[in-house]
Number of protein chains: 2
Amino acid sequence: MTYCLGIINRFGIVMAGDSRTNAGVEYTSAYRKLFDFSLPGDRIIVICSSGNLSVTQGVLTELQRDLQNQEQTSLYTLSSMYDVAHYIGSKSRQIQDRDRPWLERDKISYQCNFLLGGQIKGEVPQLYMIYPQGNYIQATKETPFLQIGEMKYGKPLLDRTITYDTPLEAMAKCALLSIDSTMKSNISVGPPIHLIMYETDSFVLRHKLELRLGDPYLAKMRKLWEEYVRQAFEAMPNIEWQSEAENTKEDIFID
Amino acid sequence: MTYCLGIINRFGIVMAGDSRTNAGVEYTSAYRKLFDFSLPGDRIIVICSSGNLSVTQGVLTELQRDLQNQEQTSLYTLSSMYDVAHYIGSKSRQIQDRDRPWLERDKISYQCNFLLGGQIKGEVPQLYMIYPQGNYIQATKETPFLQIGEMKYGKPLLDRTITYDTPLEAMAKCALLSIDSTMKSNISVGPPIHLIMYETDSFVLRHKLELRLGDPYLAKMRKLWEEYVRQAFEAMPNIEWQSEAENTKEDIFID
């Protein structure tokens with residue numbers, strides 16, 4: 001499994017991903033899921049991947065190969081993020097089509113998702129999610145985050161904190177905590193965590209981070225979070241329980 | 001969908017459930033999922049259900065019918081919680097077996113899960129989860145909570161807070177917040193919320209609660225929680241980003 005997320009708002013973009021890949025619970029290993037293809041000064045392009053590892057690695061290798069061969073269509077030549085999303089979706093369709101019959105007949109999932117975040121000169125920053133079918137959606141002001149992989153555990157935190165006006169650094173902390181919550185609840189998501197933070201119109205990726213297993217920041221963050229959660233419970237008003245009189249019932253389905 | 005949870009520790013048992021049932025997103029309605037079959041002074045028996053509504057209602061009706069007919073085997077006659085779990089599992093198997101061919105051929109899930117919590121005179125309090133196949137597991141000191149239905153959104157909070165020594169009232173608040181987090185992230189889980197809190201060896205269910213949509217306690221709790229989460233982010237130490245020098249890379253898969 002995998003968990004990656006992207007957050008975008010007026011201040012910029014934060015993207016993060018874990019590094020655990022597993023085949024059942026009996027075989028887990030570490031593969032990074034966040035990749036930086038930026039061309040500083042001209043474009044910021046960051047990609048996260050989830051799903052079948054042979055397919056996602058294939059897609060990323062093809063993207064890289066097009067760059068090396070200086071193909072007419074590549075991550076460096078396309079003039080809009082929309083076109084880059086389409087291009088990644090097409091590569092994903094290609095590789096999946098190639099492997100699908102062999103994987104499908106053994107009931108192995110060939111599907112994969114990508115997050116694409118960044119900014120190309122002349123455009124505003126954008127964040128996309130590319131579906132296994134190659135189509136894609138974009139994060140908006142109303143829903144400024146997108147997730148791929150094991151996304152349920154880390155979603156409540158985002159739902160409660162992230163708005164279009166959240167400061168960038170707070171967004172980065174929230175992304176880390178969202179991944180940490182997922183790691184605590186699901187062993188198929190694990191370190192190292194990769195994190196990037198991009199400031200709108202800077203066209204340079206100044207903030208990057210890799211947090212390995214046992215990193216003191218991660219441990220400090222987790223401890224502090226757990227303290228706050230405990231304090232929140234203590235501060236919560238006492239529950240006003242029903243009086244005994246309200247507790248009678250005759251039918252199990254009707255109070 | 002549904003979300004129900006049970007928590008047990010040295011002080012007692014807390015159980016809670018939402019009330020939303022849906023067939024797709026185009027048809028949702030309210031059905032309670034938490035049922036009290038207690039016989040004060042002798043036994044506390046609380047059941048939560050999730051899954052196919054016709055099956056769970058069938059099981060509950062059969063349990064009720066056995067009580068009314070004063071059958072030899074019923075929720076009031078069995079002398080241990082283990083036997084009660086087995087009895088509910090058998091009823092569930094019966095109803096599923098009866099309807100399975102008709103549901104299966106139309107690809108409708110006939111599966112359901114139950115939580116069973118309570119205490120019978122002569123025993124310690126116990127909490128069980130009954131699987132769709134009718135077998136069951138019991139919560140233990142190491143993992144003092146069990147969940148059924150849409151359980152991922154509400155799990156991180158439990159993972160970080162609940163221990164064998166958590167006070168009962170804090171457990172009840174945590175259960176409410178776990179359901180509220182799930183409601184916020186998934187529209188197929190919704191109010192009213194039902195909550196019970198049972199003190200070990202009291203053999204009476206003194207604390208019951210129904211929280212309807214817009215209940216002021218729920219609103220207050222949600223607001224306070226969101227304030228604490230925001231404070232936690234503000235208090236978190238700043239991220240120590242990598243220096244520029246560490247940021248060079250040659251291959252996408254190797255830093």
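Our subject is the structure that appears above.
Numbering of residues begins from 1 in every chain and follows the order in which that chain's sequence is written. Lettering of chains starts at A and numbering of ligands starts at 1, both following the order in which they are written. Where local features are concerned, this predicted model is filtered to residues with pLDDT of at least 70; where side-chain atom pairs are given and counted, the filter is 80 or more; whole-chain, interface and lining totals use all residues. Neither water nor hydrogens contribute to the side-chain values; these are computed over all heavy atoms in the structure.

Below, the discussion takes up the pattern of salt bridges. Salt-bridge detection follows one rule: a side-chain nitrogen of Lys or Arg within 4 Å of a carboxyl oxygen of Asp or Glu. All chains considered together, the criterion is met by 34 salt bridges over all chains. Among the salt bridges present, the one from Lys152 of chain B reaches Glu150 of chain A, with a minimum N-O distance of 2.9 Å. Separated into two different chains, Lys152 of chain B in the loop between β10 (145-149) and α3 (155-161) and Glu150 of chain A in the loop between β10 (145-149) and α3 (155-161) make up a pair that spans both. Residue Glu226 of chain A is joined to Arg160 of chain B by a salt bridge in which the shortest nitrogen-to-oxygen separation is 3.2 Å. Pair noted here: Glu226 of chain A is in helix α5 (residues 216-235) and Arg160 of chain B is in helix α3, and the two residues belong to different chains. Per residue, the accessibility class of Glu226 of chain A equals that of Arg160 of chain B, and both read buried. Each helix corresponds to a stretch of at least 4 residues labelled H or I by DSSP, and each strand to a stretch of at least 2 residues labelled E; elements are numbered beginning at the N terminus. Buried residues are those whose accessible area, probed at 1.4 Å on protein chains only, stays under 20% of the maximum for their type, while exposed residues exceed 50% and partly exposed ones sit between those limits.

Here the focus is helix α1 (residues 53-68) of chain B. To estimate how far a helix should reach, multiply one less than its number of residues by 1.5 Å. For α1 of chain B, built from 16 residues, the straight-helix expectation of 22 Å at 1.5 Å per residue is met to within 8% by its first-to-last C-alpha distance of 22 Å. At its buried positions, α1 of chain B is contacted by β5 (34-36), β6 (43-51), α2 (81-104) and β7 (112-120) of chain B. Residue contacts are defined here by distance: any two heavy atoms, one from each residue, within 4.5 Å place the two residues in contact.

A word on the side chain of Asp66 of chain B. Residues and elements named next belong to chain B. Along the polypeptide, Asp66 turns up in helix α1. On the basis of relative accessible area, Asp66 is assigned to the buried category, the value being 9%. Nitrogen and oxygen atoms within 3.5 Å of one another constitute a polar contact, given that in protein one can donate a hydrogen and the other can accept it, and given that sequence-neighbouring residues count only through two side-chain atoms. Separated by 2.8 Å, the side chains of Asp66 and Lys91 make a polar contact.

Attention now moves to the nonpolar core. Most often, soluble globular proteins have nonpolar side chains that are buried together. In terms of nonpolar packing, the biggest core is built from 71 residues, with Leu195 of chain A together with Leu195 of chain B touching the most fellow members. In this structure Leu195 of chain A touches Val14, Met15, Ala16, Ala172, Ala175, Leu176, His207, Lys208 and Leu209 of chain A together with Ile239 and Trp241 of chain B, once residues within four positions along its chain are discounted. Take the buried residues of types Ala, Val, Leu, Ile, Met, Phe, Trp, Tyr and Cys, join any two whose side-chain atoms come within 4.5 Å, and each joined set is a nonpolar core.

What follows is about the sheet that holds strand β7 (residues 112-120) of chain A. All names here are of chain A. Strands sit in the order β5-β6-β7-β8-β9 across an open sheet of 5 strands; the sheet is antiparallel. If you trace the sheet from one side to the other, it starts and ends with β5 (34-36) and β9 (136-138), each paired once. Each adjacent strand pair in this sheet contributes to an overall mean axis angle of 20°, direction not counted. Looking at chain direction, β7 and strand β8 (residues 126-130) are connected through 5 bridges and run antiparallel. Of the residues in β8, the one forming a bridge with Leu115 is Met129. To get an axis, fit a line to the C-alpha atoms, keeping to the stretch in contact for a helix; angles then go from 0 to 180 degrees between the N-to-C directions. Each of β5, β6 (43-51) and β7 touches helix α1 (residues 53-68); the most contacted strand, β6, lies at about 160° to it. Where helix α2 (residues 81-104) meets the sheet, its contacts fall on β6, β7, β8 and β9, and the angle it forms with β7 comes to roughly 155°. When DSSP locates at least two bridges between a pair of strands, those strands are taken to pair.

Our focus in this paragraph is the sheet that holds β6 of chain B. All names here are of chain B. An order of β5-β6-β7-β8-β9 is seen for the 5 strands of this open sheet, with the pairing classed as antiparallel. Across the chains shown, the open sheet's two edge strands, defined by having one partner strand only, are β5 and β9 (136-138). Going from strand to strand, the sheet's axes swing by 20° on average, the running direction of each strand aside. Running at roughly 160° to β6, α1 makes contact with β5, β6 and β7 of the sheet. The strands touched by α2 within the sheet are β6, β7, β8 (126-130) and β9, with β7 carrying the most contacts at an inclination of about 155°.

Further remarks concern the relation of the copies chain B and chain A. A residue counts toward the fit only if its pLDDT is at least 70 in both copies, and the copies are then superposed by least squares on the C-alpha atoms of those residues. Expressed as a screw transformation, the operator carrying chain B onto chain A has a rotation angle of 180° and an axial translation of 0.0 Å, and the superposed copies differ by an RMSD of 0.0 Å. Within this description, the copies of the chain are treated as partners about a two-fold rotation axis. The position closest to the rotation axis in chain B is occupied by the C-alpha of Tyr153 of chain B, lying 2.4 Å away. An overlap of 100% is found between the interface residues of chain B and their copies at the interface of chain A, pointing to a shared contact surface.

Once that is clear, we can look at α5 of chain A. All names here are of chain A. Between its terminal C-alpha atoms α5 stretches 28 Å, which fits the 28 Å expected from 20 residues at 1.5 Å a residue. Buried within α5 are the following residues: Tyr217, Leu218, Met221, Trp225, Glu226, Tyr228, Val229, Ala232 and Phe233. Buried residues of α5, viewed axially, fall in a sector of 160°; they line one side. Along α5, exposed side chains directed more than 90 degrees from the buried face belong to Pro216, Lys223 and Glu234. N-capping of α5 is provided by Asp215, with a side-chain oxygen placed 2.8 Å from the backbone N of Tyr217. To obtain the arc, one takes the directions from the helix axis to the C-beta atoms.

All names here are of chain A. Contact geometry of α1 with α2 gives a least axis separation of 9 Å together with a crossing angle of 130°. Between α1 and α2, the crossing angle belongs to the class labelled oblique. Handedness of the α1/α2 crossing: right-handed. Only Tyr87, Ile88, Lys91, Ser92, Gln94, Ile95, Gln96, Arg98 and Asp99 of α2 make contact with α1, whose side of the interface consists of Ser54, Val55, Gly58, Val59, Glu62, Leu63 and Asp66. Along the lines of polarity and charge, the residues of the contact of α1 with α2 split into 6 nonpolar, 5 polar and 5 charged. Just so you know how the angles are binned, under 35 degrees is roughly parallel, over 145 roughly antiparallel, 65 to 115 roughly perpendicular, and the rest oblique. Each crossing is labelled by how the near helix is turned from the far one, with a counterclockwise turn of less than a right angle marking it left-handed and a clockwise turn marking it right-handed. Throughout this entry, Asp, Glu, Lys and Arg are counted as charged residues, while Ala, Val, Leu, Ile, Met, Phe, Trp, Tyr, Cys and Pro are counted as nonpolar. The remaining residues, Gly among them, count as polar.

Geometric descriptors of this kind do not, in isolation, establish any biological role.
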